[in-house]
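Residue-level listing of the chains:
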Amino acid sequence: MTNSTKELGDAAAILAIGTNTTAAHPIVALQVKDAVKKGAKLIVVNPKEIELCRFAHIFLQPKPGTDVPLLMGMARVIRDEGLHDTAFIAERCENFEELEKSLETFDLDTVESITGVPKDKIAEAARVYATEDPASIIYCMGITQHTHGTDNVLAISNLALMTGNIGKPSSGVNPLRGQNNVQGACDMGSLPNVYPGYQAVSSPEHKAKFESAWGCALSDSPGLTHTEIFDAVHSGKIKSLYVVGENPYLTEANACHVREAMEKADFLVVQDLFMTETAQLAHVVLPGASFAEKDGTFTNTERRVQRVRKVIEPLGGAKPDWWITCEIAKRLNGKGFDYSSSKEIMQEIASLTPSYGGISYERLEQGSLQWPCPTEDHPGTRILHTERFATPSGKGKFMPLTYRKSAEEVDEQYPLLLTTDRSLYHFHGTMTRRVFGLNILEKEEQLKIHPKDASLFGVKDGDLVRVASRRGELEARAFVTDRCPPGMVSMTFHFAETPTNVLTSCELDPVAKTPETKVCAIRIERLEGARPAEVSDLSNQNRGQAAG
């Protein structure tokens, strides 16, 4: 996030796009609701009618995969009506002329025909975002999990830059990360092309720095992304796989392909808290310690580094993840793994990672810090890009864009479009499915389907249906609701009994290599002789929240 979560409460306008915030990020949603109570205008953009729509000033419901034309259409209105911040663009941005050229193909008639959103509503949303100051954008995986996810993010950036809504309080471009410490994992170099602190592996300077610190030779070639790794295991290019804190059997796109890959691996090691579905395939399972059983830090979605302190001793034979890694390295004759505590590791992080340079356990005892925090006397950074951007010129760069269709489309054989989302009551399923009370609130997967589609396919509320895509099939119970538009259905991916990701596509964004899990063509059929309808134990209100 370029800004902080609490700032959302003071925004004059909020554009929430590709995020089911009340279900996936309920604490962030509280700030959004607080802003609305203070008079902020909320624009919700989502293919589904989600819970947040109850608080929205404007709700735009585009067809899945049409975010670029929608956002560029809004930019076109802002430019045509002179609502852009010319002073900010002149002083702090570059390449605006190229963006203007690309906007010519996004007239509102064209945008309406592509997205299905009435052009007057697109124009109204553009005016609200451009004129209510300050305005903030929040988004999540409904934006990124597409074959054009990078373009979606660039289109969001264009909007923020052209209205000057970046580098000041309660504004900005604010991605809501999908897991509690995924920001910290990326910060620490859990990406194929960077060292900790996003220092490129291809940079001779960075390479030399880490070689000197770690006393070994390092490659200057980027590695493989998450999805590419499983492809390489499947093809035999990679023989062994070490999975830490992840259950790809359930969570990876095109899960059948991923399972086949793991079954083909010569050696599979899984390090986790529980015997997950992935762990059951492993040759070796290493018991990791939970957050309550170890010391360390979490870095959340607003770049806030917080201390985690051990409350109890690890149960059974569980050990902290860092200790397990170090012990394996020592047995492989690796050098430099003689740490005695997580505090020592944090000291090394600070010495090699400029954005964490001023962060220490001693300082974190006094409270959390937001990076960049380069020195020990630096207070941390609440807002990014207040004076310059992280580009060679220091200016924000506009990016011209074109519309590319999603890789997967419906046809006669697969006439419905499936999109995935999350429930308020479950996370990925490894831990929350083990909580008795949460399973009372939501005990099974549901296929959310519009009444028109349900009628067309002879499906009633609570019926068991077979759901099939071009990659796999499963059975799920139907939940008939008008929250999904005709032609589109949705499911979560929390239930091992109904592993939704056997259906989803792993067609990749060419830049980020993110799979297209938000657009999946399917067909359904009612299963004859299925047990009587017993949709769930949820009340109508709770069922609506779960569906949102």
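Every value quoted in this text rests on a predicted model; they were computed, and no experiment measured them. (Residues numbered from 1 in each chain as written. Predicted model: local features only at pLDDT ≥ 70, side-chain atom pairs only at ≥ 80, totals over all residues. Heavy atoms only, no water.)

Some points on the overall build of the protein chain
Helices and strands together make up the secondary structure of the protein chain, namely 20 helices and 21 strands. In terms of overall size, the protein chain behaves like a compact globule, its C-alpha atoms giving a radius of gyration of 24 Å where 548 residues would be expected to give roughly 24 Å. Considering only C-alpha atoms, the protein chain reaches an extent of 65 × 65 × 45 Å along its principal axes. Taken over 548 residues, the protein chain has a buried fraction of 53%. Partitioning the contacts of the protein chain with sequence separation of at least 6, the portion at a separation of at least 24 is 70%. Working note: accessible area of the protein chain is about 24,000 Å², and carbon and sulfur atoms make up 53% of it. With 59 positive and 72 negative side-chain charges, the protein chain shows a spacing of 2 Å between the two charge centroids. (Helix = DSSP H or I, 4+ residues; strand = E, 2+ residues; numbered from the N terminus. Rg over C-alpha atoms; globule rule 2.2 N^0.38 Å. Buried < 20%, exposed > 50% of the residue type's maximum accessible area, 1.4 Å probe, protein only. Contact = heavy atoms within 4.5 Å. Areas by Shrake-Rupley, 256 points an atom, 1.4 Å probe, with all protein chains shown as cover. Lys, Arg positive; Asp, Glu negative; His and termini not counted. Charge placed at Lys NZ, Arg CZ, Asp CG, Glu CD.)

Quick look at the sheet that holds strand β14 (residues 369-370)
If you walk across this open sheet you meet the three strands as β12-β13-β14, and the pairing is antiparallel. Among the strands making up the open sheet, the edge pair consists of β12 (296-299) and β14. Sheet topology note: the strand β13 (residues 304-308)/β14 ladder contains two bridges and is antiparallel. Within β14, the position partnered with Arg304 by the bridge is Gln370. (Pairing = 2+ DSSP bridges.)

Things to note about the pairing of strand β2 (residues 41-45)
The buried count for β2 comes to four of five residues, which makes it a mostly enclosed element. Strand direction decides the pairing type here: strand β1 (residues 13-17) and β2, joined by five bridges, are parallel. In the sheet register, Leu15 faces β2, and the bridge partner there is Ile43. As judged from the three bridges shared by β2 and strand β3 (residues 58-60), these two strands associate in the parallel manner.

Side note on the packing of helix α12 (residues 226-235) against helix α14 (residues 255-264)
Put simply, α12 and α14 touch, their axes get as near as 8 Å, and they point 55° apart. With respect to α14, the axis of α12 lies oblique. Where α12 crosses over α14, the handedness of that crossing is left-handed. Contacts from Phe230, Asp231, Val233 and His234 of α12 reach α14 at His257, Val258, Glu260, Ala261, Met262 and Lys264. The class makeup of the residues in the contact of α12 with α14 is five nonpolar, two polar and three charged. (Axes fitted to C-alpha atoms, helices over the stretch in contact; angles between N-to-C directions. Parallel < 35°, antiparallel > 145°, perpendicular 65-115°, else oblique. Left-handed = near helix turned anticlockwise from the far one by under 90°. Nonpolar A, V, L, I, M, F, W, Y, C, P; charged D, E, K, R; others polar.)

Quick look at the nonpolar core
Residues Leu15, Ile17, Tyr129 and Leu159 are the most contacted members of the largest nonpolar core, which totals 47 residues. The greatest single-element share of this core, amounting to eight residues, is contributed by helix α3 (residues 67-80). In this view, Leu15 contacts Ile43, Val45, Leu71, Met74, Tyr129, Ser136, Ile137, Ile138 and Leu159; residues no more than four positions away in its chain are not counted. Judged by nonpolar contacts, the second largest core, of 19 residues, contains Val467, Ala478, Val489 and Ile522. (Core = buried A, V, L, I, M, F, W, Y, C linked by side-chain atoms within 4.5 Å.)

Here's the deal with the domain arrangement of the protein chain
According to the domain assignment, the protein chain contains domain 1 (5-176), domain 2 (182-370) and domain 3 (416-546). Summarising the inter-unit geometry, the C-alpha centres of domain 2 and domain 3 are found 31 Å apart. With 18 residues of domain 2 in contact, the opposing surface of domain 3 contributes 20 residues. Counting the surface lost from both domain 2 and domain 3, the interface buries some 1,500 Å², and carbon and sulfur atoms represent 67% of this. (Domains from an automatic or database assignment. Buried area = accessible area lost by both parts, 1.4 Å probe.)

Structural notes on the side chain of Thr353
Relative to the helices and strands, Thr353 is located in the loop between α16 (342-352) and α17 (361-364). You can call Thr353 buried: its relative accessible area is 1%. Excluding residues that lie within four positions of it along the chain, Thr353 makes contacts with Pro196, Gly197 and Gln199.

Here's the deal with unusual backbone geometry
Cis rather than trans, the peptide bond between Asp133 and Pro134 has omega equal to 0°. Checked against the element boundaries, Pro134 lands in the loop between α7 (119-131) and β5 (135-139). The omega angle of the peptide bond from Trp371 to Pro372 is 0°, so this bond is cis rather than trans. Of note, the phi angle at Asn95 is positive, near 75°, even though the residue is not glycine. If you trace the backbone, Asn95 turns up in the loop between β4 (93-94) and α5 (96-103). Positive phi values are uncommon outside glycine, yet Lys513 reaches one of about 60°. Tracing the backbone through its elements, the reader meets Lys513 in the loop between β20 (488-491) and β21 (520-526).

Structural notes on the sheet that holds strand β11 (residues 284-287)
Reading across from one edge, β9-β10-β11 is the order of the three strands in this open sheet, with parallel pairing throughout. At either margin of the open sheet sits one strand with a lone partner, and together these are β9 (240-244) and β11. In this sheet, adjacent strand axes meet at a mean angle of 15° when their direction is disregarded. As paired strands, β9 and strand β10 (residues 267-272) are joined by five bridges and run parallel to one another. Directly across from Ser240, in β10, lies its bridge partner Phe267.

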